[in-house]
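Each chain is listed here by its residues.
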Amino acid sequence: MLLATFRGSKHVTRTDKLEIAEFCQQDHAEVLAQQYCDQVYRTGGSSCTDNSWLHTLQGILDPMQPRNFIDIGCNKGYVSASFFALWAPEIGFSGPKIAEWKPGVDCGSCADCKDEVTPARPAPLEAKEVPVHVVCVEPNLASFGKLIEMREHFFPANSTRPSAQWSLLNAAISNSSARSVAFPGCPGGNELCGFEQHKDSNQFGVDVVPQFRLIELLDAYGFAEVDVLKIDTEGYDAPAIIDGLPMLAKRVGVLAFEYHGKGAWAHHTLEEIVQLLDGAGFTCYYSGKKSPEGSLVRLTGCWSAKYEVKAWSNVMCVKRDHELYPHASWPLSGTTTPCTSSSTLESPDASCVNSTPHNLRSIWRVNVKPLLRSPQSMHAARKCLLHALQGRRHFWAAALCFLALQP
């Protein structure tokens, strides 16, 4: 059970096992931001993501409960395939299976057709009767035609999992609705096809599609709750999110979206969207490839101007009352400490952030060295390292750092 509360302007989230501080000191934020910048050079940052959090999510959700997913900007169908590979593996619908079905298929800029996704835990046999519904929204008509062909192959009339449904919708999503909008008629699978990129060009001609708001989309499919809502509108993510905030706060558990400087992102900042989602109860992270520091980099409560990169990036946001949240905060992301005592949250100097990195050098650089700049923070540093000891994580590294701090 999760309980989100507030202490002044400081967020605190408690679970049965730990208490998570929802803020960090500015020097901590800058250290973490620099760590992310270093990671960008090593792994490409979050332009491509391995979605480790999605694998974790499958392992903690009840397999006997119906699941709803929405894939906006479905494109080649790889994200939808990942949902089914985790929650309905009997179908055999995954990136590698798509490549096996269509040799020479476009794997996408992130080689998604090579990502083998397997469930974190096997579901009981009875789970085959539990509904899994994925809605795939794609405005590009050429891509949509390929998705229809894909559905016919992987979801035949005699499907091995009739309770699994892949709904396809040829439409655009934004902050307003319209019976018809002109969408560029790009070649199928074009990952950069969007309103802004081609609004002044006749290179591809246009297709006419309907346009919906997020709340209209959820209402149309009767979704009272959505487990994961992924948005990739090639530039219109921000307006759609802003328009859908009240609905997101009530009906969505995990939100994933793309951030860059194109389209409407030229008029919005990532900081603005992260703050708005924070007010709706979400904590946001950059989501990238696995690295020694983890696959998630916390943005909410630990913001730095270094994160406003205006480059192709993936962001994942999770509600603070969601089952995934403690796993996203610790140890998956390596950026938020489980504080087992409320005394650690009495003042900003006592905030515990990132005390579970993966090696001695990281612990020293991220936790200890910044705190040594301020004598008043020594007590907080000792507490954070003690929490690492109490959690029995990285025992010797934490112990050595703790001893190094002794007078």
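Sequence positions are assigned chain by chain, starting from 1 and proceeding in written order. Reporting of local features is limited, given that this is a predicted model, to residues whose pLDDT is at least 70; pairs of side-chain atoms are given and counted only at 80 or more, and all residues count toward the totals for whole chains, interfaces and linings. Side-chain numbers come from the whole structure's heavy atoms, not from hydrogens or water.

Concerning the overall build of the chain
Turning to step 1, where the next piece is worked out: The helix and strand labels rest on DSSP assignments: H or I over at least four residues marks a helix, E over at least two residues marks a strand, and numbering proceeds from the N terminus. Within the chain, the secondary structure is distributed over 13 helices and 15 strands.
Turning to step 2, where the next piece is worked out: Per-residue burial for the chain yields a buried fraction of 55% across its 407 residues.
Turning to step 3, where the next piece is worked out: Looking at the chain as shown, the accessible area adds up to about 17,500 Å², and 55% of this sits on carbon and sulfur atoms. Only protein chains enter the accessibility calculation, which uses a 1.4 Å probe; a residue whose area is less than 20% of its type maximum is buried, one above 50% is exposed, and one in between is partly exposed. Methods summary: accessible areas were calculated by the Shrake-Rupley approach with a probe of 1.4 Å, and residue burial reflects only the protein chains presented.

Notes on helix H3 (residues 78-87)
Turning to step 1, where the next piece is worked out: Here H3 lies mainly inside the structure; 9 of its 10 residues are buried.
Turning to step 2, where the next piece is worked out: If you check which residues of H3 are buried, you get Tyr78, Ser80, Ala81, Ser82, Phe83, Phe84, Ala85, Leu86 and Trp87.
Turning to step 3, where the next piece is worked out: Contact between two residues is taken to exist if any of their heavy atoms lie within 4.5 Å; hydrogens are not considered. Lining the buried residues of H3 we find helix H2 (52-60), strand E4 (67-72), helix H4 (95-101), strand E5 (132-137), strand E6 (164-169) and strand E10 (226-231).

Quick word on the packing of aromatic side chains
Turning to step 1, where the next piece is worked out: Two rings from Phe, Tyr or Trp (for Trp, the six-membered ring) form a pair when their centres sit within 6.5 Å of each other. Planes less than 30 degrees apart are called stacked, planes more than 60 degrees apart edge-to-face, and all others tilted. Evaluated as defined, the whole model comprises 14 aromatic pairs.
Turning to step 2, where the next piece is worked out: Residues Phe93 and Phe155 carry aromatic rings whose centres are separated by 5.6 Å and whose planes lie at 90° to one another, so their mutual orientation is edge-to-face. Highlighted residues: Phe93 in the loop between H3 and H4 and Phe155 in the loop between helix H5 (141-154) and E6, separated in sequence by 62 residues.
Turning to step 3, where the next piece is worked out: Judged by its relative accessible area of 2%, Phe93 is buried.
Turning to step 4, where the next piece is worked out: Classification of Phe155 by relative accessible area gives buried; the value is 14%.
Turning to step 5, where the next piece is worked out: The rule is short: NZ of Lys or CZ of Arg within 6 Å of the ring centre and within 35 degrees of the ring normal puts a charge over the ring. The ring of Trp101 is capped by Lys102, whose NZ or CZ atom sits 5.1 Å from the centre of that ring.

These results come straight from atomic positions and should not be treated as a statement about function.
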